[in-house]
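# Breakdown of the fold
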Amino acid sequence: MAFFFVIILLTLASLKFVYSIIWVPWRIQQFFRKQGVKGPNYRPFYGNTAEMIRMTKEAQSKSIPFNHDIVHRVSPDYYQWSAKYGQTFLCWFGAKPRLVLVDPDMIKEVLLHTTDTNDRDDFNPLSRPLFGQGLPGLMGHKWAAHRKIITPAFSMEKVKAWVPGMVFSVKKMLDNWEEQIGERDEFEVEVHEEFHDLSAEILSKTALGSNFEEGKRIFDVQQQQEILTHQAMHNVYIPGFRFLPNKMNILRWRLEKETREIMRRIIEINRRTSENSMNFLSMLMSGKMNKHGPGLEIEEVIDECKTFFYGGKEATANALTWAVLLLAQHQEWQNKAREEVLRVCKGNELPSAEKLPELKIVDMIIKETLRLYAPDNSISRRTLKNVKVGSLNIPAETEFYIPQAAVHHDTKIWGLDANQFNPARFVEPPKQMGAYFPFGIGSRICIGRNLAMVEAKIVLAMIIKQFSFVVSPSYVHAPMMLVTVQPQYGAQVLVRRINY
Ligand code: HEM
């Protein structure tokens, strides 16, 4: 009798497996094909992940000439499949259908309906330690409640109050460059690493009101978590896998425990020392800006801080890295920007919150950098119900995958010079909403965008005023997607002091 029962159970489990791993994906594939959407064939269980990993490895195996035609390197799967199947196509991440969209109108439609017909896709549980359960990983009511509480902390008014602290940190970095250059004419700076340290210091100050040393260990730990997260994001997650005590998971648990302990200590110090402070942590803890109910629990504050540490540092530091490389390559724009900075900040004057709106050329340079090298590279959503986007019917539980790099480099949108660095295209704001979105669009738009733009302007303005720079002969162009778009072999520039 028991044997018979086991046989029935096994048969039912096999049928369920065949149904969800073979029948449902096959039906969905047919459904899209009938609507004219093609793509690589679904392969049971892993979908097309093996091909994606192979293409990424291949792309990253060789450097490229220093131009900005980078889609084939940072989004190799999009590059190869769109050439074969058309710009809108369907591929498979495990048994999950992934509809790739690059049409600006469709993108706008999807992103403006976030939280209504679609939402962010669930993170692979193995990547949660990096993003925590902060805003990017939250959904529904919980996300809305957190977003409401946190949004005022990033208002332009609050960010402006952090400007003197930012200026102080940049000055410290530049004094160090001065010291290193000594009597020499020029010296080589690896700006990628410099800007990661600088952004980390700025975030430590603005977020925690603490000095860099206190927060430094968190950034070191997050750097290790970034590599583990990248591996996790490119592989299909097997349910329950995160509980297996294998080498990687043990490392994940240890790093997670360490981050939370450091954060708890920092929160405790902050609570004792800066009760009335304007720093981000104090604002979250006191619930000062929260008129909508109780503030966040301590574990929730830790999760949000982890997100800000990682998201805030990573994207801004990478954007600054590409901006400096682009200006090192394009001396005419470096000179134009310098003329502007000298006009706005005369003599020894340092940038202030009031002066920032006058830095229009610097602003255009940052926007063009974020077009060519959008740090996030892609935005994902998951349909919550059956929806229609453009002329396509899309079933619930489909992933929308929006490759920013592909849209930002599309010659149909930006013209034949789409791969050229030309900040002048941002004299006027872009007219087409779904064509330019380095910070996203709609309700999930980047909460830290004011901070990022202000920080980037201050850093660039201060560097340009004090130093001129060219690309170092040791620089190798190899933009790579590792959670964000970054230079695979660092970003070396030769820096010269300007004597006025
Ligand atoms: C140049 C710098 C930055 C870029 C390009 C950038 C880009 C983005 C993008 C594309 C999104 C996703 C939007 C979506 O899914 O639709 C996002 C979300 C987010 N960003 Fe940023 N970001 C930057 C800097 C920052 C900074 C400085 C912080 C905080 C200190 C931050 C915190 C966040 C958070 C918390 C979210 C999630 C928002 C939510 O889901 O409600 N980012 N960012």
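Residues numbered from 1 in each chain as written. Predicted model: local features only at pLDDT ≥ 70, side-chain atom pairs only at ≥ 80, totals over all residues. Heavy atoms only, no water.

## Here's the deal with unusual backbone geometry
Most of the time, phi is negative for any residue but glycine, and the peptide bond is trans. You will see that F45, though not glycine, has its phi angle at about 75 degrees, which is positive. Here F45 is to be found in the loop between α1 (2-34) and α2 (49-60). Despite not being glycine, E397 shows a phi value in the positive range, around 70 degrees. Secondary-structure assignment places E397 in the loop between β7 (392-394) and β8 (399-403). Here E397 falls in the partly exposed class, since its relative accessible area comes to 44%. (Helix = DSSP H or I, 4+ residues; strand = E, 2+ residues; numbered from the N terminus. Buried < 20%, exposed > 50% of the residue type's maximum accessible area, 1.4 Å probe, protein only.)

## As for the sheet that holds β8
Across the sheet, which stays open at both edges, the five strands sit in the order β1-β2-β8-β5-β3 with mixed pairing between neighbours. The sheet is open, and its two edges are formed by β1 (89-93) and β3 (118-119), each paired on a single side. Packed onto the sheet, α1 meets β1 and β2 (96-100) and runs at close to 165 degrees relative to β1. (Pairing = 2+ DSSP bridges. Contact = heavy atoms within 4.5 Å. Axes fitted to C-alpha atoms, helices over the stretch in contact; angles between N-to-C directions.)

## Focus: the packing of aromatic side chains
For the coordinates displayed, the defined rule picks out 14 aromatic pairs. Centre to centre, the rings of F45 and Y46 are 5.0 Å apart; their planes meet at 90 degrees, and the pair counts as edge-to-face. Judged by relative accessible area, which is 29%, F45 ranks as partly exposed. Y46 sits in the partly exposed class, given a relative accessible area of 46%. Seen from their ring centres, W81 and F89 are 6.2 Å apart, and the 75 degrees between their planes marks the pair as edge-to-face. For the pair W81 and F89, one class covers both residues: buried. Grouping aromatic residues by their ring pairs yields a cluster made of Y78, W81 and F89. Over the aromatic face of W333 sits the side chain of K336, whose NZ or CZ is 4.0 Å from the ring centroid. (Phe/Tyr/Trp six-rings, centres within 6.5 Å; stacked < 30°, edge-to-face > 60°. Lys NZ or Arg CZ within 6 Å of the ring centre and 35° of its normal.)

## Focus on the packing of helix α9 (residues 163-181) against helix α19 (residues 449-466)
At a minimum axis distance of 10 Å, the contact between α9 and α19 shows a crossing angle of 35 degrees. Seen from above, α9 lies across α19 with right-handed handedness. Contacts between α9 and α19 involve V163, M166, V167, V170, K171, M173, L174, W177 and E178 from the former and L451, V454, E455, I458, V459, M462, I463 and Q466 from the latter. (Left-handed = near helix turned anticlockwise from the far one by under 90°.)

## Things to note about the nonpolar core
Nonpolar side chains tend to gather and get buried jointly when the protein is soluble and globular. L99, W177, F195, F280, I458 and L460 are the most contacted members of the largest nonpolar core, which has 133 residues in total. Top element by residues in this core is helix α14 (residues 298-329). It accounts for 15 residues. Those residues within four positions of L99 in sequence are excluded, and the remaining contacts are F32, V37, T88, F89, L90, L392, I394, T398, E399, F400 and Y401. (Core = buried A, V, L, I, M, F, W, Y, C linked by side-chain atoms within 4.5 Å.)

## Regarding the coordination of the iron atom of the ligand
Within the protein, just one atom coordinates the iron atom of the ligand: C446 (SG), at a distance of 2.3 Å. Note on placement: C446 falls in the loop between α18 (411-414) and α19. (Donors = N, O, S within 2.8 Å, 3.2 Å for Na, K, Ca; no water.)

## What to know about the sheet that holds strand β9 (residues 467-471)
Think of a sheet as strands paired side by side through backbone hydrogen bonds, with each pair either parallel or antiparallel. The antiparallel open sheet is built from three strands, whose spatial order is β4-β12-β9. Each edge of the open sheet is held by one strand with a lone partner, namely β4 (186-190) and β9. Strand-to-strand twist across the sheet, computed as the mean angle between neighbouring axes with direction ignored, equals 35 degrees. Helix-sheet contacts for α19 involve β9 and β12 (492-497), and the interaxial angle to β9 is about 95 degrees.

## Some remarks on the UniProt feature "binding site: heme" (unreviewed entry) in the protein chain
Here the UniProt-annotated "binding site: heme" (unreviewed entry) positions come out as C446. Since its relative accessible area comes to 30%, C446 is described here as partly exposed. Apart from the residues lying within four places of it in its own chain, the contact partners of C446 are R147 and F439. (UniProt positions renumbered as here; feature names shortened; annotations may be inferred.)

## Brief notes about the site of the ligand
The ligand sits among 25 residues. The nearest are W143, R147, R381, R444 and C446. Side-chain polar atom of W143 to an oxygen atom of the ligand: 2.8 Å apart, as the coordinates give it. Elements represented by at least two residues in the shell around the ligand include exactly α7 (140-150), α14, β5 (378-383) and α19. The element contributing the most residues to the shell around the ligand is α14, with five residues. (Near = heavy atom within 4 Å. Polar contact = N/O pair within 3.5 Å; in protein donor to acceptor, adjacent residues only side chain to side chain.)

## Side note on the side chain of Q334
Looking at the secondary structure, you find Q334 in helix α15 (residues 331-344). Its relative accessible area of 0% is what places Q334 among the buried residues. Other than its neighbours up to four places away in sequence, Q334 contacts L327, A328, I464, F467, S468 and F469.

## Section: a nonpolar patch on the surface
There is a patch of nonpolar side chains on the surface, built from F4, F5, I8, L9, L12 and L15 and spanning about 640 Å² of accessible area. Tracing the backbone through its elements, the reader meets F4 in helix α1. With relative accessibility at 54%, the residue F4 sits in the exposed group. (Patch = residues over 30% accessible without salt bridge, like charges linked within 9 Å, V, L, I, M, F, W, Y side chains within 5 Å. Areas by Shrake-Rupley, 256 points an atom, 1.4 Å probe, with all protein chains shown as cover. Salt bridge = Lys/Arg side-chain N within 4 Å of Asp/Glu carboxyl O.)

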